[in-house]
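Single-letter residue listing:
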Amino acid sequence: MLLSFTGLAQQAITGKVTSSEDGQGIPGVSVMIKGTNKGTTTDANGSYKINSSSAKDVLSFSAIGYTTSEVAVGSKNTINVVLNVENQALSEVVVVGYGTQKKSQLTGAISQVSAKQISEMPITNLGQALQGRTAGVDVSQSGSKPGQTAKILIRGRRSFNAGNDPLYVVDGIPLSAGYEDFNPNDVQSMEVLKDATATAIYGARGANGVVLITTKRGAVKGKTTVTYDMYVGQSQVLNKLRLFNGTEFAEYVREAYRSTGIYRNAAGAIVPTGQSDPVADGKVAVLGGDPNVVEGLAQGRSTDYQDLILKNGFQQNHSIGIQGGNDRTQFYISAGYFLDKGVSEGLDYSRYSLRANIDHEINKWLKVGISSYMMFSDRNGENLNPYSFTINQNPLGAPYKADGSINFTPTNDALLTNPLAEIVPGAQVDNTKKYRIFNSIYTEVKLMEGLKYRVNFGPDFTLSRWGRFIGAQTNARKGGDAQASTQTNFGFNWTLENIINYSKTIQKHNFNVTLLHSIQRDRYENYASNVQGVPAETQQFYNLGNASSVLGVGSNLTEWTINSLMARINYDYNDKFLVTLTMRRDGSSRFGVNSKYGNFPGVAVGYNISNEPFLKSVQWLDLLKVRAGWGSVGNQGVSPYQTQGLLNRTAYAWDNTSAFGYRPNTIGNPDLRWESSATKNVGIDFSFLKGRVQGSLELYQTNTTDLLLSDQLPGSIGFSAVTKNVGETRNRGVELGVSTINVDTKGGFRWTTDFQFTKNSEAIVSLYNGAKDDVGNRWFIGQPLNSFFDYKKVGIWQVSEAEQAKKFYPGDNANALGAGVGQIKVQDTNGDGVINANDRVLLGSDVPDFSAGLTNRFTYKNFDLSFFLFGRFGQMIVSGFHQDNNALAGRYQQIKVDYWTPNNPNAEFPRPFSNQEFPQFRQTLIYFDGSFIKLRNINFGYSFNSTVAKKLGMESLRIFSSIQQPFIWSSFISKYNGVDPETSGTAVNNGITPSTKVFTVGINAKF
């Protein structure tokens, strides 16, 4: 009878769900009875049917891209619903740390990169996905060595010694090791917290910004889906250094000896510029004094060792993801494999990964979950670069013997061994194997309506082994005993967090309170050994006990802990007035006993002007919000134990026996405390024309005080310096991000654009001696943290200026054309007729005037095309190539430069001169404009229609082809024969692995 009564109580509700935009039925709409697990979805026409057991039931209609609608059942048997298209700018959910918020409710400066943007170009690590796509974030990478990570700066540098790297948080757990181990295909979104009001919840570690990485989770509804994403590709050197060919090299050598009066013919006369003479060649050891070179001259040989070392590289990436679930359990499981073979032998990187993300609702009040990630990587050549040996090689030498074997010494120069010997298998080995297990485990308890308690536990295990072997037939050993070394590192970091979250709505007042207690502990062990005299080179570094001598053995243990409390209140009134209040208190074991704890507050307000009644009728305005905030965050980036007085081992003579003892090495400072960064931020968020134009504008200033600097001490007390909290820096900037829908036709053509602009200015406000420059460290008040302070080149001394040049080159009597003629002319800044340290000037900085990124996407029916441009402008770089490979002394090969001769007086570089190893004032030749524009990626794809995909057994299928970094526009390349000017430091280092362009093809399949 009860079953019969229940059946009679059921009320069948039918209807259709249509779109407000075109009136068409919407398939896949979730239709749920509110407050229950009962529901259904609409069919292909938008129709549905559901049984209701009470007239008090409320049906909830929701679909991606549409606003949710709720309708009371009452006595109705038919309920038709029209869903409004949702504006993504207003409703998109953003991770803000210990929670999420809609974009329309944000009060801090936060940028987001989605999974779609990450997948738009093949990337090797997550850092590359941020470059040019987030305003205020500067991402740079030097060269293309496999396994190399990009350097990330958020709103510039603040600190000299405490580090400027942001904090990385994966699935709620702060990382102590790097982000490069994670598979980009697993990532759902990346949020960058930039201002102190957003980063204050991470307190002592938020001074340099925070990058939140959220991985993919399972699906609440629907069948299990399997995705397979892959690409394979070939990498090629984008550009190599332009060096002298054999003929040009010989003439350059002749000019170097001609300028010092050595290049003379049989009659004893100097052979004029542009002419050669066999007798004169014989007087030059680099030419006629070397039979190998004489043979090369006779044969017209021109060996370019770059071509012999460099080759085409190879990349491939495979990722399988399984996603599914139901109302109670959701899962995401993935496996990935990535391989990058470099453009030089011995350089490669491979990564194998497994991930399992599981969320399970045990009952209505208890939920548990785990994110587990396992990774193994194998990297070769991290500390190797055979390319660096190719640049100074004499092009007239023979790289191979007559029998085809490698000629270890192509010339008589004992310092120049054949670069090909470096890539003989087993000659140079540099191998790192790394294992990592990262977990994020949680339990969430619903204590009452709106009140939740959550505990997070994040253990992170890292084990790595580095092995190094240097064989006898290498440039480093030059036939001597082989060397080998190993280093093993073990890290265990764990985080335990207790979080209480309470949400309450009282009429139009919405409150959200988050309370946190967190503790993070890190333990890092290191073991190393170094030997010489490996008896059999095939043993490499695997049997150090057989070596004839031990060069060194060492081990180390480092531990630190951080203990934290945090409270955050989010309040909004009718989604119009927004307030965020944050306070975090952190204690770190790294700091002195008197100052282990610091307090870090933050406050932000927002005003959704577009929600005012007088603007509701403005159809073209979707969102207009102003924000303002202030916050203070810390930087704990000092080494553990740095606050303590440390000892150093020393040797003593105990009678006639040697013994070891210990002496004070550093002065402890129990008052050493956090660097503190206070940020003021003003922002405007906007969206017009139903999301066709949307973006944000940010203005900010950050003042960092209590810098961790070494204060100088008189050497008479036995110590030269002590670390103290002194000094201040400042960052000011403007950021603009705009996304537009330029064209969107009913015929299927759509064109969208994303534009990002960043301008950041660094300045030193004060140092340990107040507002006074520290010239020795090149720190100047009002200038960036790294400035180039040196002599300024103003030309080359000409023949007509011989007498004037003698004043600056008084001892240069060996120059046949007069002292200093053909050499570098530098600016006499103070006009005293003497060139000395007082004539140095500020030349520039490595901080760009601005940087920008531009992404255009085009779709037409099943075709899609996108390209991404990125540029950095106004920064100065130091060229290690021009510093070490521009000697102009006539011994080594070098960059092809336009050098001065009597026949070429308008040249920019000085005359070759064999009596000096490097030109005087050569440092003036190493500073260049580092501005560049890169076409970072072109991606073209085609998505098969569902009918074809189903015939192939798939739900969807897309094939694509991409070209990464096909072009770079830069005067450093076109004018000065340089390489890629992008660098993660201040210099384009000598011998860096050349940048590459990568051609790939791939598929995105869903089953």
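Below is a short write-up of the structure. (Residues numbered from 1 in each chain as written. Predicted model: local features only at pLDDT ≥ 70, side-chain atom pairs only at ≥ 80, totals over all residues. Heavy atoms only, no water.)

**Here we look at the overall build of the protein chain**
Scanning the protein chain for helices and strands turns up 13 helices and 49 strands. Relative to the compact-globule value of 30 Å for 1007 residues, the protein chain shows a C-alpha radius of gyration of 33 Å, a close match. Each of the three principal axes of the protein chain carries a C-alpha extent, and together these read 125 × 70 × 65 Å. By the burial criterion, 51% of the 1007 residues in the protein chain qualify as buried. (Helix = DSSP H or I, 4+ residues; strand = E, 2+ residues; numbered from the N terminus. Rg over C-alpha atoms; globule rule 2.2 N^0.38 Å. Buried < 20%, exposed > 50% of the residue type's maximum accessible area, 1.4 Å probe, protein only.)

**Things to note about the sheet that holds strand β7 (residues 81–83)**
Ordered by their spatial adjacency, three strands build an open sheet running β4-β1-β7, and the pairing between neighbours is mixed. Either end of the sheet is taken by a strand with one partner, and the two such strands are β4 (47–52) and β7. The mean inter-strand angle of the sheet, taken between neighbouring strand axes irrespective of direction, is 35°. Bridge analysis of strand β1 (residues 11–19) against β7 gives three bridges, and the strand direction is parallel. (Pairing = 2+ DSSP bridges. Axes fitted to C-alpha atoms, helices over the stretch in contact; angles between N-to-C directions.)

**A short note on unusual backbone geometry**
One non-glycine residue, Q540, adopts positive backbone phi at about 50°. Within the fold, Q540 resides in the loop between β25 (509–532) and β26 (549–573). Judged by its relative accessible area of 18%, Q540 falls in the buried class. Phi is positive for D575, close to 55°, though the residue is something other than glycine. Tracing the sequence through the fold places D575 in the loop between β26 and β27 (577–588).

**Here we look at the pattern of salt bridges**
Summed over all chains, the structure comprises 46 salt bridges. Note that E982 and K934 form a salt bridge whose closest N and O atoms lie 2.4 Å from each other. In this pair, E982 is assigned in the loop between α13 (971–974) and β48 (987–988) and K934 in strand β46 (residues 932–943), connecting sequence segments 48 residues apart. Within this structure, E251, R254, E255, R258, D281 and R911 form a network of salt bridges that share partners. (Salt bridge = Lys/Arg side-chain N within 4 Å of Asp/Glu carboxyl O.)

**Remarks on the side chain of Q393**
Note on placement: Q393 falls in the loop between β21 (366–380) and β22 (428–448). Given a relative accessible area of 5%, Q393 falls into the buried group. A polar side-chain atom of Q393 sits 3.1 Å from the main-chain carbonyl oxygen of F389. Of the polar contacts made by the side chain of Q393, one reaches the backbone oxygen of T417; its length is 3.1 Å. (Polar contact = N/O pair within 3.5 Å; in protein donor to acceptor, adjacent residues only side chain to side chain.)

**Quick word on helix α6 (residues 246–258)**
Side chains of residues three or four places apart in an α-helix project in the same direction, reflecting 3.6 residues per turn. Taking 1.5 Å per residue as the helical rise, α6 with its 13 residues ought to reach 18 Å, and the 18 Å between its terminal C-alpha atoms agrees with that figure. Of all 13 residues that make up α6, eleven are buried, and the element is covered over most of its length. By the burial criterion, the buried members of α6 are G246, F249, A250, E251, Y252, V253, R254, E255, A256, Y257 and R258. Check the buried side of α6 and you find it contacts α7 (278–282) and α8 (291–299). N-capping of α6 is provided by N245, with a side-chain oxygen placed 3.2 Å from the backbone N of T247. (Expected span 1.5 Å × (residues − 1). Contact = heavy atoms within 4.5 Å.)

**Concerning the packing of aromatic side chains**
Summed over the entire model, instances satisfying the criterion amount to 38 aromatic pairs. One Lys or Arg, R133, reaches over the ring of F868 and ends 4.6 Å from the middle of that ring. Taking the ring centre of W797 as reference, the NZ or CZ of K825 above it sits at 4.7 Å. (Phe/Tyr/Trp six-rings, centres within 6.5 Å; stacked < 30°, edge-to-face > 60°. Lys NZ or Arg CZ within 6 Å of the ring centre and 35° of its normal.)

**Quick look at α8**
Two or three places before N292, at the opening of α8, D290 has a side-chain oxygen 3.0 Å from that residue's backbone nitrogen. In the stretch just after α8, G300 is the one whose phi turns positive, near 70°.

**A few points about the sheet that holds strand β14 (residues 173–174)**
Strand order across the open sheet formed by five strands is β10-β15-β16-β13-β14, with mixed pairing between neighbours. The sheet is open, and its two borders are formed by β10 (110–114) and β14, each paired with just one other strand. The sheet contact formed by strand β13 (residues 167–170) and β14 spans two bridges and is antiparallel. Directly across from V169, in β14, lies its bridge partner P174.

**Focus: the side chain of S111**
As for its placement among the helices and strands, S111 is situated in strand β10. When neighbours within four sequence positions are excluded, S111 is seen to be in contact with T134, A135, M190, E191, V192 and K194.

**Here we look at a nonpolar patch on the surface**
On the surface, L354, M374, Y435, I437, F461, L463 and F490 cluster together into a nonpolar patch covering about 580 Å² of accessible area. Within the secondary structure, Y435 is located in strand β22. Judged by relative accessible area, Y435 falls into the partly exposed class, the value being 42%. (Patch = residues over 30% accessible without salt bridge, like charges linked within 9 Å, V, L, I, M, F, W, Y side chains within 5 Å. Areas by Shrake-Rupley, 256 points an atom, 1.4 Å probe, with all protein chains shown as cover.)

**Comments concerning the pairing of strand β33 (residues 693–705)**
Strand direction decides the pairing type here: strand β32 (residues 675–688) and β33, joined by 13 bridges, are antiparallel. In the sheet register, I684 faces β33, and the bridge partner there is L697. Turn length for the β32-β33 hairpin, with the two strands adjacent in sequence and antiparallel, is four residues, and the turn residue L689 shows positive phi of about 55°. Relative to strand β36 (residues 728–744), β33 runs antiparallel, the two being bridged by 13 bridges. Looking at β36, one finds that Q694 is bridged to S739.

**Some details on the nonpolar core**
Core analysis: the biggest nonpolar cluster contains 50 residues, and L241, V253 and F881 have the highest contact counts within it. For this core, the elements supplying multiple residues, two or more each, are α6, α10 (802–806) and β40 (824–826). Each residue touching V253, except ones within four places of it in the same chain, is listed here: V284, V286, L287 and G890. Counting 32 residues, the second-largest nonpolar core is a separate cluster that includes V137, Y168, I213 and Y373. (Core = buried A, V, L, I, M, F, W, Y, C linked by side-chain atoms within 4.5 Å.)

**Here we look at the environment of Q299**
Within the secondary structure, Q299 is located in helix α8. Separated by 226 residues in the primary sequence, Q299 and V73 have C-alpha atoms spaced 95 Å apart. A polar contact of 3.2 Å, which involves the side chain of Q299, links it to the side chain of R301.

By themselves, these figures tell us nothing about what the structure is for.
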